[in-house]
Amino acid sequence: MDQIKRNTLNLFEDNDHLTTELRLGLPGSDDQPEIKTTSLSSNKRSSSEMGSSSCMDENESTFSPPAKEQIVGWPPVRSYRKNILQVKKMESDTGSGIYVKVSMDGAPYLRKLDLKMYTSYEELMKGLQDMFKCLIGLYSEREGYNGSHHALTYEDKEGDWMLVGDVPWEMFISTCKRLRIMKSCEARGLGGSL
Amino acid sequence: MGYSFPEEVLEHVFSFISLHTDRNAVSLVCKSWYEIERWCRRRIFIGNCYAVSPGIVIRRFPEVRSVELKGKPHFADFNLVPDGWGGYFYPWICEMARAYPWLEEIRLKRMVITDESLELISKSFKNFKVLVLSSCEGFSIDGLAAIAANCRNLRELDLRESEVEDLSGHWLSHFPDSCTSLQSLNMSCLLSEVSFSALVRLIARSPNLKTLRLNRAVPLEKLSTLLHRAPQLVELGTGAYSAEIRQDLLSNLTEAFAKCKELEGLSGFWDVVPFYLPAFYSVCSRLTSLNLSYATIQSPDVTKIITQCPNLQRLSVLDYIEDTGLDALSLSCKELRELRVFPSDPFVADANVALTEQGLVSVSEGCSKLQSVLYFCRQMSNSALTTIAKNRPNLTCFRLCILEPRAPDYQTLEPLDHGFGAIVDHCKQLQRLSLSGLLTDRVFEYIGNRAKKLEMLSIAFAGDSDLGLHFVLSGCESLRKLEIRDCPFGDKALLANVSKLETMRSLWMSSCSVSLGACKWLSQKMPRLNVEVIDEQGDLDSRPDSCHVEKLYVYRTVAGPRLDMPSFVRTMNQNPAYRR
């Protein structure tokens, strides 16, 4: 075995070594991280400034946060965890949802509608009727178009035009690409025998 | 020399000793053992990167193959440590690149690592095998591309919970076609899409791949393709677990999962559509580890899964599981060792989720092997805590977070001192404890008297006076890490226990009542401690000594005060030799 240097047994080596040590990573080196702009860390700077200053007893934030008064770093949940659930909430609250174009035969302009605002076909119908000031009927084998002049159709992900109302609501909103309010006389061909 | 073993024999004996604590003990026996040990130590663990310098480490241990380093204090996870505080890996890699050409493994936690450092890693170590970056930041996809391109024998690339700048996602294709050594890939933290074809090709040529954790951007429709290429997987993290409702997709996925006969761990499950949950029922009986903590599915769906997992040892869930789900868990999963229940809606006072202290009591009754608990809830009582303690004296880790600070026992409106007292009284092997709720100095008296094996303690919004802190510092013999926020602890306890601080790794105190003057005094009295004051208000020099500091981080070190501090961090060291 090679010659082994004899060192002191003292595990915490003498501080004299420090004066001859290489020092790297000085302040101002390119190792300093940039100020973050990603959404994950949007809390970092501002929230620590929101925290109590040294001479205050109470640690309540002086800024007014959204829901209830939020204390910095409490509850102790990692930011990526908070963001995931917040994203989910945002999607359901503010509806960064499913916007589809809606056309109505004879109307000069199209409209856009967020399907996430509705939870059922009935609600969708109501919303469309309000928007277009018309009466739309859901097709049924027994009653036809229920006496109305318009029928609602949609284009699905495969490009086919389908009658609204056949599939469960959840499936509908995940496959619907656009809506078209047709005159019910033209829609008759979709429904089979009448 | 007649009566000592030849060095080669000792070296051979030492090669069976792997725990760093044991290695440290070995090196203390005598000078020759210290020497022999330091030349044959292959793995180093440094719990605080500022406790020692790269130069000291390299001088003492010249033949290292594996390095593990931790940087920022734990409370950095909750945004309590400002950006730019430190924890840079760069100084380490610069020196290690020269000194350890045969380095194989680097594991970092809460450190800042740049693309430049990653590139240096990839080019400096011919035999580099393992890179684990846990909760790290400072790098981008470009750094990963360098690792992929240059590390010929890469076995493990694990980016768990790191923040990666996702510029343009194409780094997987940088793995050369000749790279077939991959055993573990965890990219779950990446935000942007990766090239699916590159991913498939990589997996197809990695016959030893055991762990694969995808990111959210990998769609469910593509999961079965990946599983078909890697039926030998032991641990899988799915991507987003949602798709349009399609029967054929469900069948494909079910078939793909059924082929994975070695699968023991599942995670991922963002955006779950319950229709697709049955796809993996066939692997449930084998599962030992399940992470559903991103799955916003309701209690019946969660229950349906866990009742099929009799071998489950580790479970992470959201509080959607509710008490009923935890009851089912306690009946079905008798092998459970670790339970983590996260809050679905942490910032709302009343979240409409029927999860109470009762769920945890049930699990403590039914799961006799339960050792580790992390539990977020909205109410707790002393009687529940006492029941849990009596049921489970084998607990080693108990972290309770009652969401409302200073919440009392909801039944009696008393502090929760007795409940936590029961925990430390019955659970004699307790190593880690996090407190919450309304607590007086009394709970710290219990902890100081009883928690003799406690190594890490987290305290928030608790206590009445310095006495509380004093009990802990003077009583907890095994204490290594103490982190405190928003407690009325001040100078007296700290200054009465200065020597204790050198026996610990670190102490964190934020929004407490420690004065600037005390910090200066502490620092002068204890030259082998770095007493760091973190204060973002900017006028530290002109403040009176009586003023309270925002944040205090004290740690033992043999490297002296660090030189990479930002302006809002000061080491209270008066020694002019360290001033530059």
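This structure is a prediction, so every number in the text was calculated from the model and none was measured.

## Focus: the overall build of chain B
Counting secondary structure elements, chain B contains 20 helices and 23 strands. For 580 residues, the compact-globule estimate of 2.2 N^0.38 gives 25 Å, and the C-alpha radius of gyration of chain B, at 25 Å, lies within 12% of that figure. Evaluated residue by residue, chain B yields a buried proportion of 61% over its 580 residues. Surface exposure of chain B reaches about 21,500 Å², of which carbon and sulfur atoms provide 50%. Across chain B, the mean location of the 65 positive side-chain charges is 6 Å away from that of the 68 negative side-chain charges.

## Here's the deal with the overall build of chain A
Looking only at helices and strands, chain A features five helices and six strands. For chain A, the α and β elements follow one another from N to C terminus as α-α-β-β-α-β-β-β-α-β-α. For chain A, the residues scored as buried account for 37% of the 194 residues in total. Accessible surface, chain A: about 12,100 Å² in total, of which carbon and sulfur atoms supply 52%.

## Here we look at the side chain of Asp114 of chain A
All names here are of chain A. Relative to the helices and strands, Asp114 is located in strand 2 (residues 111–114). Buried and without a salt bridge, Asp114 has Lys116 as its closest oppositely charged side chain, separated by 7.1 Å. A polar atom in the side chain of Asp114 sits 2.9 Å from the backbone nitrogen of Ile98. Within the structure, Asp114 has its side chain in polar contact with the backbone nitrogen of Lys116 (distance 3.0 Å).

## Remarks on the confidence of the model for chain A
For chain A, the average pLDDT comes to 63, and 47% of its residues sit at 70 or higher. Contacts from residues 1–67 of chain A, a stretch scored under 50 in pLDDT, to residues over four places away or in other chains number 115 contacts.

## Structural notes on the state of the cysteines
All names here are of chain B. Overall, the coordinates contain zero disulfides over all chains when judged by the stated rule. Cysteine Cys179 is unpaired, with the sulfur of Cys151 as its nearest cysteine sulfur at 8.9 Å. Cys179 gets classed as buried once you look at its relative accessible area, which sits at 1%. Distance from the sulfur of Cys284, which forms no disulfide, to the nearest cysteine sulfur (Cys309) is 3.8 Å. On the basis of relative accessibility, which here comes to 0%, the residue Cys284 falls in the buried class.

## A word on the packing of helix 2 (residues 20–27) of chain B against helix 3 (residues 31–40) of chain B
Residues and elements named next belong to chain B. At their nearest, the axes of helix 2 and helix 3 sit 8 Å apart, and the two run at 145° to each other. Between helix 2, through Arg23, Val26 and Ser27, and helix 3, the contact on the second element is made entirely by Trp33, Tyr34, Glu37 and Cys40. Tallied by class, residues from the contact of helix 2 with helix 3 come to four nonpolar, one polar and two charged.

## Details of the environment of Val317 of chain B
Residues and elements named next belong to chain B. Take Val317: it is sitting in strand 13 (residues 314–318). A sequence separation of 23 residues divides Val317 from Tyr294, and the C-alpha atoms of the two residues are 7.5 Å apart. Ignoring any residue separated from it by four or fewer positions in sequence, one finds Val317 in contact with Leu292, Ser293, Val302, Arg340, Val341 and Phe342.

## Thoughts on the confidence of the model for chain B
Residues and elements named next belong to chain B. Here chain B shows a mean pLDDT of 94. Residues at 70 or above account for 98%. Between residues 575–580, whose pLDDT stays under 50, and residues either more than four places distant or in other chains, the model counts eight contacts. For this predicted complex, the interface confidence comes out at an ipTM of 0.89, alongside a pTM of 0.78.

## Some points on the packing of aromatic side chains
Within this structure, the stated rule accounts for 25 aromatic pairs over all chains. Consider the rings of Tyr121 of chain A and Phe172 of chain A, whose centres lie 5.3 Å apart with planes at 50°: the pair is tilted. Here Tyr121 of chain A, found in helix 3 (residues 121–132), pairs with Phe172 of chain A, found in helix 4 (residues 169–175); they are 51 residues apart in sequence, far enough to count as distant. Taking relative accessible area as the criterion, Phe172 of chain A reaches 0% and is therefore assigned buried. Grouping aromatic residues by their ring pairs yields a cluster made of Tyr50, Phe75, Phe78, Trp85, Trp508, Tyr553 and Tyr555 of chain B. Over the aromatic face of Tyr50 of chain B sits the side chain of Arg562 of chain B, whose NZ or CZ is 4.4 Å from the ring centroid. Sitting above the plane of the Trp85 of chain B ring, Arg562 of chain B keeps its charged end 4.4 Å from the centroid.

## A short note on the pattern of salt bridges
All names here are of chain A. Summed over all chains, the structure comprises 32 salt bridges over all chains. When the shortest N-O distance is used, the salt bridge between Asp130 and Lys126 registers 3.2 Å. Of the two residues, Asp130 and Lys126 are both situated in helix 3; the distance of four residues between them amounts to about one turn of the helix. Take Asp130: its relative accessible area is 43%, and that puts it in the partly exposed class.

## A word on a nonpolar patch on the surface
On the surface, Phe5, Val9 and Val13 of chain B cluster together to form a nonpolar patch covering roughly 280 Å² of accessible area. Note that Val9 of chain B resides in helix 1 (residues 7–14).

## Some thoughts on the nonpolar core
Judged by nonpolar contacts, the single largest core of 207 residues is most densely connected at Trp171, Phe257 and Phe398 of chain B. It is helix 8 (residues 196–204) of chain B that provides the largest number of residues to this core, a total of six residues. In contact with Phe257 of chain B, not counting residues within four places along its chain, are Leu223, Leu227, Leu236, Tyr241, Leu263, Leu266, Ala279, Phe280, Ser282 and Val283 of chain B. Residues Val102, Leu113, Cys134 and Tyr154 of chain A belong to the second largest nonpolar core, which totals 22 residues.

## Quick notes on the pairing of strand 6 (residues 178–183) of chain A
As a general feature of sheets, a regular strand has side chains that alternate between the two faces. Note: strand 1 (residues 99–104) of chain A against strand 6 of chain A, four bridges, orientation parallel. Note on strand 6 of chain A: the bridge partner recorded for Met104 of chain A is Ile181 of chain A.

## Quick word on the packing of helix 5 (residues 90–99) of chain B against helix 6 (residues 115–124) of chain B
All names here are of chain B. The N-to-C vectors of helix 5 and helix 6 enclose an angle of 20°; their axes lie 10 Å apart at closest approach. One finds that helix 5 runs roughly parallel with respect to helix 6. Every pair of crossing elements has a handedness; the one defined by helix 5 and helix 6 is left-handed. Contacts from Tyr90, Ile93, Cys94 and Ala97 in helix 5 reach Glu116, Ser117, Leu120, Ile121 and Ser124 in helix 6. Taken together, the residues that form the contact of helix 5 with helix 6 break down as six nonpolar, two polar and one charged.

How each quantity is defined
- Just so you know, the residues in each chain are numbered from 1, in the order the chain's sequence is written.
- Going through the entries in the order they are written, you letter the chains from A and number the ligands from 1.
- Given that this is a predicted model, residues contribute local features only at a pLDDT of at least 70 and side-chain atom pairs are listed and counted only at 80 or more, while totals for whole chains, interfaces and linings are drawn from all residues.
- Excluded from the side-chain calculation are hydrogens and water; included are all heavy atoms of the structure.
- Secondary structure follows DSSP: runs of H or I at least 4 residues long count as helices, runs of E at least 2 residues long count as strands, and numbering of each begins at the N terminus.
- For a compact globule the rule gives 2.2 Å times the number of residues to the power 0.38, and the radius of gyration it is set against comes from C-alpha atoms.
- Partly exposed residues are those whose accessible area sits between 20% and 50% of the maximum for their type, while under 20% is buried and over 50% is exposed, using a 1.4 Å probe and protein chains only.
- All accessible-area figures derive from a Shrake-Rupley calculation using a 1.4 Å probe, and residue coverage is judged against the displayed protein chains alone.
- Neither His nor the chain ends is counted toward charge; the positive residues are Lys and Arg and the negative residues Asp and Glu.
- Every charge is mapped onto a representative atom, which is NZ of Lys, CZ of Arg, CG of Asp or CD of Glu.
- Counted as salt bridges are all cases of a side-chain nitrogen of Lys or Arg within 4 Å of a carboxyl oxygen of Asp or Glu.
- Here a polar contact is taken to be a pair of N or O atoms separated by no more than 3.5 Å, where protein atoms must pair a possible hydrogen donor with a possible acceptor and residues adjacent in sequence count only if both atoms sit in side chains.
- Per-residue confidence from the predictor is given as pLDDT, running between 0 and 100.
- Whether two residues are in contact is decided by their heavy atoms, any of which lying within 4.5 Å being enough.
- Pairs of cysteine sulfur atoms within 2.5 Å are what we label disulfides.
- In this analysis an axis means a line fitted to C-alpha atoms, helices contributing only their contacting stretch, and an angle means the value between N-to-C directions, from 0 to 180 degrees.
- Here the term charged refers only to Asp, Glu, Lys and Arg, the term nonpolar to Ala, Val, Leu, Ile, Met, Phe, Trp, Tyr, Cys and Pro, and the term polar to all other amino acids, Gly among them.
- Ring pairs shown here join Phe, Tyr and Trp side chains whose ring centres sit within 6.5 Å, with only the six-membered ring taken for Trp; geometry is labelled stacked below 30 degrees between planes, edge-to-face above 60, and tilted in between.
- By the criterion adopted, a ring carries a charge over it if an Arg CZ or a Lys NZ lies within 6 Å of its centre and within 35 degrees of its normal.
- A patch consists of residues whose relative accessible area exceeds 30% and which take part in no salt bridge; residues with like charges are grouped when within 9 Å of each other, and nonpolar side chains (Val, Leu, Ile, Met, Phe, Trp, Tyr) when within 5 Å.
- Working definition of a nonpolar core: buried Ala, Val, Leu, Ile, Met, Phe, Trp, Tyr and Cys residues. They are joined through side-chain atoms within 4.5 Å.
- Here the rule is simple: two strands pair whenever DSSP picks up at least two bridges between them.
- Small angles under 35 degrees read as roughly parallel and large ones over 145 as roughly antiparallel, with 65 to 115 read as roughly perpendicular and the rest as oblique.
- If you view the pair so one helix is near and one far, a crossing is left-handed when the near helix is turned anticlockwise from the far one by less than a right angle, and right-handed when it is turned clockwise.

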